[in-house]
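Tertiary structure, described
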Amino acid sequence: MSDIAVKAADRAAVKDNFTEDWLAVIIGVLVFALALFSLGGTDLLGWAVTTSVYTDIGNALAPVAKAYAALGGVTALLLTYVALLAVLSAGVAALGADVRKFALRFTVVFAIAYASWIAGSYAYIAAVTPAEQQKFGIAWSLKLTNEGGFIVALLSGLVIANFFPRFAEWLKEAIRPELYIKIAIVILGATVAVTAAGRLNLASSLLLRGVAAIVEAYLIYWSVVYFVARKWFGFSREWSVPLASGISICGVAAAIATGGAIRARPQVPILVSSLVVVFAVVEVLILPFLAQTFLWQEPLVAGAWIGLAVKTDGAAVAGGGITESLIMAKAAAEGIKYQPGWVIATTATVKVFIDIFIGIWAFILGYIWTNHVDKRADKAKLSEIWERFPKFILGFVVVFAVSLWLAIGTTPEIAKALPSAAGEANVFRVIFFILTFFSIGVLSDFRKLWQDGFGKLAAVYFVSLFGFVIWVGLLISWLFFSGLKPPLA
Amino acid sequence: MSFDLKTEAAGRAVEPLLPVEKKLIGFSLGLGLVLLVVLVALNHFVPVKL
């Protein structure tokens, strides 16, 4: 079976124990560290490009810091591209990839992805409030906010995957959604900390409620999906474990970790992973809009729900970003202006909590399988917990802790300057989100669903996801987050 | 990759659920529901402070 997703996941990059996770930690922390120089008055990242809502494309791009305004938007864009190309090329070289191939393909990926982002910022797509429409002199808009660009990037990738498969295959060296989203999540630690520092009580409450996500994903979802796969669809144990993990926990990483733990053949979790990616795309295209329609008065329920229902880190956290912008837009239209950052922080918190236990769950399954199910297999070792721990979470925790300390444990001057520094780092978080959305689209070849044999796998996924996971996730999000509102801006 | 998914998905003999699998499903679900009730209670008695 030819399958880009399989190859991409297969490549999940390991060279001398240096993985994409560690690369994400290094790049994410590097961006954060460079942004922190602005606390001392030296702005090292102010040249990075941002995009504003526009009707005249000449006004769309600009450097993020006013001090760099003289550069102009196009130069800022080129500098941003060159910087990302240099850092990522060095990174993938360390992973053992072909740098020349990567550089050429990354150039194309960046160009299409950022063009999608610019297209999504067009006022007819992005303008939200009547005041904004008036400002741009337009009578209507899709009201997607400028983060509608994520959806444009996703759709661009989907078009390439489904109508230009050879081009998609050619791009694959630079299609690394897991790497891009992990870098973005590490950088997100700064934004989450700055957001949390403003409301420590609310933030600690979010953490407490993150525990519920672990219980739900590992104990409730997993057992039900495993039962459905085994009993109703007759899948073997080798297929059912990665399938249950992929649908219940955290898509690709969980399917591969638990598949490895029970000593499944490598192809099995990888095929399950490609299915997870396809369904995650469907969810990201649907759930944020449902959340905007039905949950806009409960923004944190919506954020938690997206974190529980969408089954890859990339799609979930990115979906949380779209949900936040859609809900904030709807609330703004009703005259309620929430502080930004809380919905996506809820999604990320839920997702990070779930991710932390992948290694432990894989070890538990490995122990049961190698001692009670397949006694011939080599025994599961405790060291596998660390081996399977998603290391990028360490980067998130470090960035979060340092930012929180700077926000509440240092001088008022530093605390005051921190949001601006985190904002500059956040520019890169957004760019890595855009690259993630586009990459997920390119990996989502819907024709796979029609291939012989894939339908039965998809059926388990469909039944579990839409018949159980989404609704139980909604119920539990409601139980723990209803009534919790983000602070007003 | 020489891997025939059609055969994999449909052609294998059905493996009956082993007792250890039944235990895993039962314990997971039971523990999950108990913990969920505990957390809901905790959520009720330790309300969110803004």
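It should be emphasised that the depicted structure is a prediction, and the values quoted were computed from it without experimental measurement.

This part is about the overall build of chain B. A tally of helices and strands in chain B yields 2 helices and 0 strands. Counting the 50 residues in chain B, one finds 16% classified as buried.

Attention now moves to the overall build of chain A. Tallying secondary structure elements over chain A gives 21 helices and 4 strands in all. Along the longest, intermediate and shortest principal axes, the C-alpha atoms of chain A span 65 × 50 × 50 Å. Expressed as a percentage of its 489 residues, the buried residues of chain A come to 57%. In chain A, once contacts between residues fewer than 6 apart in sequence are set aside, the share between residues at least 24 apart is 76%.

Between the first and last C-alpha of helix α2 (residues 20-36) of chain A there are 24 Å, a value that for 17 residues agrees with the 24 Å anticipated at 1.5 Å per step. Extensive coverage of α2 of chain A is indicated by the burial of 13 of its 17 residues.

Residue and element names in this part refer to chain A. Two elements in contact, helix α15 (residues 313-333) and helix α20 (residues 412-443), have axes whose closest approach is 10 Å; the angle formed by their N-to-C orientations is 125°. One way to sum up the angle between α15 and α20 is to call them oblique. As α15 runs across α20, the sense of the crossing is left-handed. Across the interface between the two elements, G314, A315, A318 and G321 of α15 pack against F433, T436, F437 and I440 of α20. Looking at the contact of α15 with α20 residue by residue, the classes come out as 5 nonpolar, 3 polar and no charged.

Residue and element names in this part refer to chain A. Assignment of secondary structure puts V398 in helix α19 (residues 392-408). Taking the number of C-beta atoms within 10 Å as the measure of exposure, V398 has 16 and is therefore partly exposed. Between the C-alpha atoms of V398 and W361, which are 37 residues apart in sequence, the distance is 24 Å.

Residue and element names in this part refer to chain A. Remark: helix α3 (residues 73-94) packs on helix α4 (residues 99-120), axes separated minimally by 10 Å, with the N-to-C direction vectors making an angle of 145°. As for the relative orientation of α3 and α4, their crossing is right-handed in sense. Each of Y81, L84, L85, L88, S89, V92 and A93 in α3 lies in contact with α4, whose residues at this interface are V99, F102, A103, F106, T107 and F110. For the contact of α3 with α4, the residue count by class is 11 nonpolar, 2 polar and no charged.

Residue and element names in this part refer to chain A. When the terminal C-alpha atoms of α20 are compared, their 46 Å separation across 32 residues agrees well with the 46 Å that a helix rising 1.5 Å per residue should span. Its axis deflected by about 35° at L418, α20 carries its strongest bend there, up to four residues before the proline P419. The buried fraction of α20 is high, at 23 of 32 residues.

Apart from glycine, the bulk of residues carry a negative phi angle, and the bulk of peptide bonds sit in the trans form. With phi around 65°, R263 of chain A is a residue other than glycine that occupies positive phi space. With respect to the secondary-structure elements, R263 of chain A resides in the loop between α12 (251-261) and α13 (267-294).

Moving on, we get to the nonpolar core. Residue and element names in this part refer to chain A. Formed by 182 residues in total, the largest nonpolar core has its most connected members in V109, A113, L154, V186, I187, I434 and F438. Counting residues per element, this core draws most heavily on α20, which supplies 17 residues. With residues near it in sequence (within four places) discarded, L154 still touches V281, V284, F437, F438, I440 and G441.

Turning to the environment of T293 of chain A, a few remarks are in order. Residues and elements named next belong to chain A. The topology assignment puts T293 in helix α13. For T293, a count of 11 C-beta atoms within 10 Å translates into the label exposed. Each C-alpha atom of the pair T293 and I327 lies 8.3 Å from the other, and the pair is 34 residues apart in sequence.

Further remarks concern the confidence of the model for chain A. With 94% of its residues at a pLDDT of at least 70, chain A reaches an overall mean of 86. Every residue in residues 1-12 of chain A scores below 50 in pLDDT, and together they form 29 contacts with partners more than four places removed in sequence or on other chains.

Averaged over every residue, the pLDDT of chain B is 79; the share at 70 or more is 66%. Across the interfaces of the predicted complex, the ipTM metric reaches 0.89, alongside a pTM of 0.77.

Residue and element names in this part refer to chain A. Note on placement: S248 falls in helix α11 (residues 237-248). Look at S248 and you get buried, because 30 C-beta atoms sit within 10 Å. Sequence separation between S248 and Y221 is 27 residues, and the spatial gap between their C-alpha atoms is 5.2 Å. In contact with S248, not counting residues within four places along its chain, are A217, Y221, W222 and V225.

Calculation notes
Residues numbered from 1 in each chain as written. Chains lettered and ligands numbered in written order. Predicted model: local features only at pLDDT ≥ 70, side-chain atom pairs only at ≥ 80, totals over all residues. Helix = DSSP H or I, 4+ residues; strand = E, 2+ residues; numbered from the N terminus. Buried ≥ 20, exposed ≤ 12 C-beta atoms within 10 Å, placed from the backbone. Contact = placed C-beta atoms within 7 Å. Expected span 1.5 Å × (residues − 1). Axes fitted to C-alpha atoms, helices over the stretch in contact; angles between N-to-C directions. Parallel < 35°, antiparallel > 145°, perpendicular 65-115°, else oblique. Left-handed = near helix turned anticlockwise from the far one by under 90°. Nonpolar A, V, L, I, M, F, W, Y, C, P; charged D, E, K, R; others polar. Bend = angle between axes of the 7 residues up to and from the residue. Core = buried A, V, L, I, M, F, W, Y, C linked by C-beta atoms within 7 Å. pLDDT = per-residue confidence, 0-100.

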